[in-house]
Amino acid sequence: MSKKLYIRFLWICAVLVNIKSIFADFDIDTSYALAMSYRNLQGDKMFLQMLEPHQTSSFLTTILLYPYEKIFGLTGSILYLHICGVLLYALVTFVLFRFLRRYISDPALCHYICIFFFAVRAKQIVFPEFSNMMICFSVLLFVSFTNYIKEQDHKRYLIQSGIFLCLEILSYPSAILTFCGLAFFIIRYARKKMQDLMILTGTCLALGSVYVLYFIATRGFSSLLNGLLQMARGDASHGTGVFASFVSMAYYKDFLIGAGILCLSCLCAFVLSRLFRKKDLFYPSTILLFFLFTVCRIVIAHFDSGNVYYTASILFVYLILIGRKNLSSCTKEEVSLYHTGCMISGFSLLSVILLSNLPLSTALWYIILAVCVSFIPVFARARTAPSFTRIVLIPFLLLTLFHRGFISTDPPAHSDILHLRTVYRQGPALGIAGTYFPAYQNSVNTEEFAQNISADDNLLLVAGSPALNSLDYLDTPAGISHYSTICTPTYDDLLFDYWEEYPEKKPTVIAVECWYGDLRVDADSEIMKRISSEYTEWTDGTFWRFYRCPD
């Protein structure tokens, strides 16, 4: 097969993977991001009535949702925003391709990099929420900052870098750490070090200050500061996630499984290369064997529990190491691209680790940019070993495309496309394919919420399971009575203080998770004691028990 046919085939696969994700991939973070934007449009005040830890990222989905919500409401909004997310990635991919053509002579390499970037997501979903925003803005930052390093007299590239850095920070606040890497590169490579550092810092601060000053002017400084402190206090799962996770075996479990599969693949590949006396067999054999072992694990998971984890991310690390080993084959400009991309991607990974409760194997999916630039030294090896690209990059791309195409997400679990048995037929998820039970549960909840909750009510959902699907808040026009719609809510004194401060947010209806009449929340918990003393049990639903305020 010729190089052009490889490229066309891979592009078709990448497009099909995105189409599949539009109709088949949404998870709890999708519902959470949509709920934040919906609250914005309903008039809830950010940093006061809204204390979601990721709310600074809601600006993009709020802008995109505004015209749609005015015309159609929330019905089908997830499908609409999925399309917007794919178009956003397509636009960034086009910018990346145009940029790479300036510095890379072989267009095939540009295609391979862009195929990978366009196909892969950090969390499988294509919804334009904080993780996808962070990666898109980090790639645009990489493009503008690399242009600045190459053409330091054109300060517009530095100003663009400051803008994209600010947007990345708004998408993921801990990404402010990326500034440290950019400052180091400026000090090391810039001719006018202090001047350029001030331009970058000033641009980022100016844009960020406009954002902050708007909220100070509309909220008041003391109220804004109090809201930020309450945000940190109320985010029990993300705020301290890194410290608790590092000492937990669960944090490393899937990473270690992936590392074990990779080591087994390397061992088998080493034996094969020795048997056939061809050293070049080692890398492609490792990737192909990893592919086969991963497929076997996915098949076992399909017939076992249906949950498939992100162990394939270990292969990203492997490709980066292959790239690092082959840097000697690169030109000076290619080495610069590799180092800049790895630096920005490394800080993105660190940002995610510090501000999330994601296990390591999942967090590693945020190093997409580092993997992209690792294609460059791997491709450069082809100058001395012409078949190296075909036997390393093509199997790697096929594996990642298979992984993205076969695995699907549907709250609350990660599954695969063979488990997709139905389609959501109402509400925000209208038109999305899903597994049977979550879709059935959503259908039942929508019907029972309509019977028991009106648009004039304020609703609080009290979940007993580890994760709350914020989609349930969006299946009714009632107001939201919790300060956060995050999937790991807490019900403590902060929530009670919130109702005291904003009495208009106090719930008139509280829905407590149950299972066909059996309560799923501890009856001795503080929130249940409060409900029992102030609310009257209204009716038992299938998955929620409804309590109504007697006033």
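The following paragraphs examine the structure supplied in this document. (Residues numbered from 1 in each chain as written. Predicted model: local features only at pLDDT ≥ 70, side-chain atom pairs only at ≥ 80, totals over all residues. Heavy atoms only, no water.)

A tally of helices and strands in the chain yields 21 helices and ten strands. At 25 Å, the chain has a C-alpha radius of gyration in line with the 24 Å of a compact globule built from 551 residues. Principal axes of the C-alpha set define a box for the chain whose edges measure 80 × 60 × 45 Å. Buried residues in the chain amount to 59% of all 551 residues. Residue pairs in contact within the chain that sit at least 24 positions apart in sequence constitute 72% of those at least 6 positions apart. A total accessible area of about 22900 Å² is found for the chain, and carbon and sulfur atoms account for 65% of it. (Helix = DSSP H or I, 4+ residues; strand = E, 2+ residues; numbered from the N terminus. Rg over C-alpha atoms; globule rule 2.2 N^0.38 Å. Buried < 20%, exposed > 50% of the residue type's maximum accessible area, 1.4 Å probe, protein only. Contact = heavy atoms within 4.5 Å. Areas by Shrake-Rupley, 256 points an atom, 1.4 Å probe, with all protein chains shown as cover.)

Okay, the side chain of Asn458 next. Within the fold, Asn458 resides in strand E5 (residues 458–462). For Asn458, the side chain forms a polar contact with the main-chain oxygen of Lys506, separated by 3.3 Å. Other than its neighbours up to four places away in sequence, Asn458 contacts Gly479, Ser481, Glu504, Lys505, Lys506, Pro507, Thr508 and Val509. (Polar contact = N/O pair within 3.5 Å; in protein donor to acceptor, adjacent residues only side chain to side chain.)

All chains considered together, the criterion is met by 15 salt bridges. Residue Asp29 is joined to Lys123 by a salt bridge in which the shortest nitrogen-to-oxygen separation is 2.6 Å. On the criterion of sequence distance, the pair formed by Asp29 in helix H2 (residues 28–42) and Lys123 in the loop between helix H5 (107–119) and helix H6 (130–150) is long-range, its members being 94 residues apart. Per residue, the accessibility class of Asp29 equals that of Lys123, and both read buried. (Salt bridge = Lys/Arg side-chain N within 4 Å of Asp/Glu carboxyl O.)

To continue, consider the packing of aromatic side chains. On inspection of all chains with the given rule, the structure shows 38 aromatic pairs. Taken together, a centroid distance of 5.7 Å and an interplanar angle of 80° make the contact between Phe116 and Phe316 edge-to-face. Of the two residues, Phe116 is situated in helix H5 and Phe316 in helix H14 (residues 314–325); the sequence distance between them amounts to 200 residues. The same class applies to Phe116 and to Phe316, which are both buried. Aromatic side chains Trp515 and Tyr516 sit 5.3 Å apart centroid to centroid with 80° between the ring planes, which places their arrangement in the edge-to-face category. For Trp515, a relative accessible area of 34% gives the class partly exposed. (Phe/Tyr/Trp six-rings, centres within 6.5 Å; stacked < 30°, edge-to-face > 60°.)

One non-glycine residue, Gln124, adopts positive backbone phi at about 75°. In this fold, Gln124 is placed in the loop between H5 and H6. Phi angles above zero are rare outside glycine, and Tyr516 is one such case at about 50°. Note that Tyr516 resides in the loop between strand E7 (509–515) and strand E8 (518–519).

It is worth spelling out the packing of helix H1 (residues 3–24) against H5 at this point. Between H1 and H5, the shortest axis-to-axis distance is 9 Å and the interhelical angle comes to 15°. By the criterion of interaxial angle, the relationship of H1 to H5 is roughly parallel. At the point where H1 passes H5, the crossing takes the left-handed sense. Mapping the contact onto sequence places Lys3, Tyr6, Ile7, Leu10, Trp11, Ala14, Val15, Val17 and Asn18 in H1 and Ala108, His111, Tyr112, Cys114, Ile115, Phe118 and Ala119 in H5. In the contact of H1 with H5, the residues fall into 13 nonpolar, two polar and one charged. (Axes fitted to C-alpha atoms, helices over the stretch in contact; angles between N-to-C directions. Parallel < 35°, antiparallel > 145°, perpendicular 65-115°, else oblique. Left-handed = near helix turned anticlockwise from the far one by under 90°. Nonpolar A, V, L, I, M, F, W, Y, C, P; charged D, E, K, R; others polar.)

This brings us to the environment of Phe290. Residue position: Phe290 is located in helix H13 (residues 282–304). Owing to a relative accessible area of 0%, Phe290 belongs among the buried residues under this scheme.

What follows is about the side chain of Asp475. Assignment of secondary structure puts Asp475 in the loop between E5 and strand E6 (479–480). Although buried, Asp475 forms no salt bridge, and the nearest oppositely charged side chain, Arg425, lies 14 Å from it. Looking at Asp475, its side chain comes within polar contact range of the side chain of Asn442, at 2.8 Å. If we ignore the near neighbours within four places in the chain, the residues touching Asp475 are Gly427, Pro428, Asn442, Thr446 and Phe449. (Lys, Arg positive; Asp, Glu negative; His and termini not counted.)

Scope: geometric values only; no functional claims are made or implied.
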